[in-house]
2 protein chains.
Amino acid sequence: MSAVRLLVLGMVRMLGRAHGYAVHRELTSWQIDTWTSVKPASLYHALKQLAKEGKLRTAGMESSPEGPGRTVYEITAAGDVEFFGYLEGALRSIDIEELGAGFAFMQALPRARVLALLREQLRQTEAVRDDLKTMMSDHPVRDKPPYSQDLLGLWSRSFGANAEWSRSLIERLERGEYSFTRD
Amino acid sequence: MSAVRLLVLGMVRMLGRAHGYAVHRELTSWQIDTWTSVKPASLYHALKQLAKEGKLRTAGMESSPEGPGRTVYEITAAGDVEFFGYLEGALRSIDIEELGAGFAFMQALPRARVLALLREQLRQTEAVRDDLKTMMSDHPVRDKPPYSQDLLGLWSRSFGANAEWSRSLIERLERGEYSFTRD
DNA sequence: ATATAACTACTCAAGCTTGAGTAGTATGGA
DNA sequence: TCCATACTACTCAAGCTTGAGTAGTTATAT
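This is a predicted model, so every value here is computed, not measured. (Residues numbered from 1 in each chain as written. Chains lettered and ligands numbered in written order. Predicted model: local features only at pLDDT ≥ 70, side-chain atom pairs only at ≥ 80, totals over all residues. Heavy atoms only, no water.)

> Kindly report on the relation of the copies chain B and chain A, identifying the contributing residues and their values.
At an RMSD of 0.0 Å, chain B and chain A line up after a rotation of 180 degrees and a shift of 0.0 Å along the axis. The transformation relating the two chain copies, once decomposed into turn and shift, fits a two-fold axis. A symmetric contact is evident, with 100% of the interface residues of chain B recurring at the interface of chain A. (Least-squares fit on C-alpha atoms with pLDDT ≥ 70 in both. Contact = heavy atoms within 4.5 Å.)

> Give me the layout of surface pockets: which residues, what numbers.
In this structure, the largest pocket encloses a volume near 1200 Å³. In terms of lining, the largest pocket is formed by 41 residues, of which the most central are Asp95, Ile96 and Glu97 of chain A together with Asp95 and Glu97 of chain B. Class assignment for the residues of the lining of the largest pocket results in 19 nonpolar, 12 polar and 10 charged. Computed from the structure, the second largest pocket encloses a volume of approximately 500 Å³. Contributing to the lining of the second largest pocket are 23 residues, with Arg142, Lys144, Tyr147, Ser148 and Gln149 of chain A lying nearest its centre. Every element with two or more residues in the lining of the second largest pocket is listed here: helix H7 (148-174) of chain A together with helix H2 (20-29) and helix H7 (148-174) of chain B. Element by element, the count of residues in the lining of the second largest pocket is highest for H7 of chain A, at 5 residues. Of the residues belonging to the lining of the second largest pocket, the class tally is 8 nonpolar, 7 polar and 8 charged. (1 Å grid on protein atoms, 1.4 Å probe; cavity = no way out; pocket = protein on both sides within 12 Å on 5 of 7 lines; lining within 4 Å. Points joined across faces, edges and corners; volume = space filled by probe spheres on them. Nonpolar A, V, L, I, M, F, W, Y, C, P; charged D, E, K, R; others polar. Helix = DSSP H or I, 4+ residues; strand = E, 2+ residues; numbered from the N terminus.)

> Got a sec to walk through the domain arrangement of chain A? Specific residues and values, please.
Residue and element names in this part refer to chain A. Taken domain by domain, chain A consists of domain 1 (3-102) and domain 2 (110-174). Put simply, the middle of domain 1 and the middle of domain 2, counted by C-alpha atoms, are 29 Å apart. Tallying the contact residues gives 7 residues for domain 1 and 13 residues for domain 2. In terms of surface lost to domain 2, no three residues of domain 1 exceed Leu91, Arg92 and Ile94, which account for 65% of the buried area on that side. Applying the counting rule to domain 1 against domain 2 returns 2 salt bridges. Put simply, the parts of the chain that give the side of domain 1 that touches domain 2 at least two residues each are helix H4 (77-92) and helix H5 (96-104). In terms of residue count, H4 provides more of the side of domain 1 that touches domain 2 than any other element does, 3 residues in total. In terms of residue class, the side of domain 1 that touches domain 2 is made up of 4 nonpolar, 1 polar and 2 charged. (Domains from an automatic or database assignment. Buried area = accessible area lost by both parts, 1.4 Å probe. Salt bridge = Lys/Arg side-chain N within 4 Å of Asp/Glu carboxyl O.)

> Go over the pattern of salt bridges, please, and point to the residues and values.
Residue and element names in this part refer to chain A. For the coordinates displayed, the defined rule picks out 32 salt bridges over all chains. Close ionic contact of Glu174 with Arg119 constitutes a salt bridge, the shortest N to O distance being 2.9 Å. Taken together, the residues span a long stretch of sequence, with Glu174 in helix H7 and Arg119 in helix H6 (residues 111-138) at a distance of 55 residues. Connected through shared salt-bridge partners, Arg5, Glu53, Lys55 and Glu82 make up one network.

> An account of the packing of aromatic side chains is requested, with residue identities and associated values reported.
Tallying each qualifying case throughout the model produces 16 aromatic pairs over all chains. On the basis of an interplanar angle of 40 degrees and a centroid distance of 5.1 Å, the ring pair of Phe103 of chain A and Tyr147 of chain B is categorised as tilted. Separated into two different chains, Phe103 of chain A in helix H5 and Tyr147 of chain B in the loop between helix H6 (111-138) and H7 make up a pair that spans both. Residues Trp155 of chain B and Phe159 of chain B carry aromatic rings whose centres are separated by 6.3 Å and whose planes lie at 40 degrees to one another, so their mutual orientation is tilted. Of this pair, Trp155 of chain B and Phe159 of chain B are both found in helix H7, 4 residues apart, which corresponds to roughly one turn of the helix. (Phe/Tyr/Trp six-rings, centres within 6.5 Å; stacked < 30°, edge-to-face > 60°.)

Printed below as a string of C-alpha cells:
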C-alpha cells in the first residue's frame, strides 16, 4: 500500500465533500511534499480508482466560478471501513512514509488505540533494526560488492532513528499530549 | 529514477552476459531484499525496457539443461554510459535506496570520484536535515493534523541518521579502506 | 513408487506513477 | 492596454510495479 490512497481517502473524509484540486490544495498546505511525493496525477488516479471500487461516490459536478468544471467526491460506508483499515496499517507500519501519513490522521482513532498501534510499530521497527545488526555481525567484512555489512549498517541506523521518534511520540501520547475527538 | 535500472544494468555489466533469472539470483544473493524490494517481474521489465532503448542487447537465446529457454543480455556502449550516469546520480542521492544501490557498485569508479560524490551527498543530506529542522521551529506547535512539527522531526532524524552513515563511510574511504579496480 | 516441495525461467494483467499537456480565468505590472 | 505569469482543474500516454500464474525439472521424503 502506498500512502496516496490513505491520504486521499482521509482528506475527502475530513473535508466531507471535495474535488481533486481541493484535495491537492489541502495536502499541499500540509506540506506533504516535504516528506512524501504526491503528484496531482496520482491523486486524480486514486480518486477515480476509489470511486470505481465504491469507496468514494461522485457527488455531482460543480462548475466553479473560476476555471473548468470539477467532480466532487464523498466517502461511502465502504470507504470509511477502508480508511480505518489503511489507517491502522499505516500506524503499525515500519515504512516511514506510511507511518507519517497514518500519524497525520491519528485523531480519527481513540488515543488508546493509537498507542497500541504505535507500540506495535515500535516493537517491529526495533526488531528489524536488531535483525539487521545481527546480520551485520554475521557478515564477514568483505571488501567487495555489495559491501553488505555497510549497507546493513545504513539501514539499521535508519530504523534506529525511526524507533527513537516513535518512542518519544509514544511518551508524549502517554503524558496526555495531543487531543482526540473520539475520547 | 528507481534503483532497479541501476541494479539491473550494473549486474549485467558485472556478469558480462546474463539472463533474467541469473540477475535475480545474484541480486538475491546480495540480500538486496533486506534493503530494497526487487520483485522478479520488475527485473524482467527493466531488462526488456533497457534492451528496447539500446542500453542492453540480447545475446541470443540459450536453452538451459534445467528449465525453459532463457534470453541472455549484454551491456552496450550506450548502456555503459547510462550505468555511469545512474551510478553518479545514486552516489549523490539523498534517497537511501538509491544511495545503497550506488554504494554497492562504487568500485566501478575511482576512489577520488566516489569521495567527491559522497561528500556532495553528505552536504545535501545535511542541508535537507537542517532545512527540516528550521521548518520545524517555524511551525507553531499546533495540536491538529497533520502535526507538521512532529512529522518534520521524523524526517529530519531520518536524514540525520543517513548523514552520520555517510560521514563515517567517507572517513573510512579517506583512510584507504575498500579497494578500487580503477585506481 | 509417488507426491510434494523447491528450483528454473519467465509472462500477464491490473493497477500505480509521472512528466507533459490542455484549457480557461484571473492578476499584476509596464 | 496588453502581455506574462500564476491559478484552477484535470487528462493522457508511457513507463513502472506487483501478485499471480505457467510450465517444465529436480530433489526429498514417505
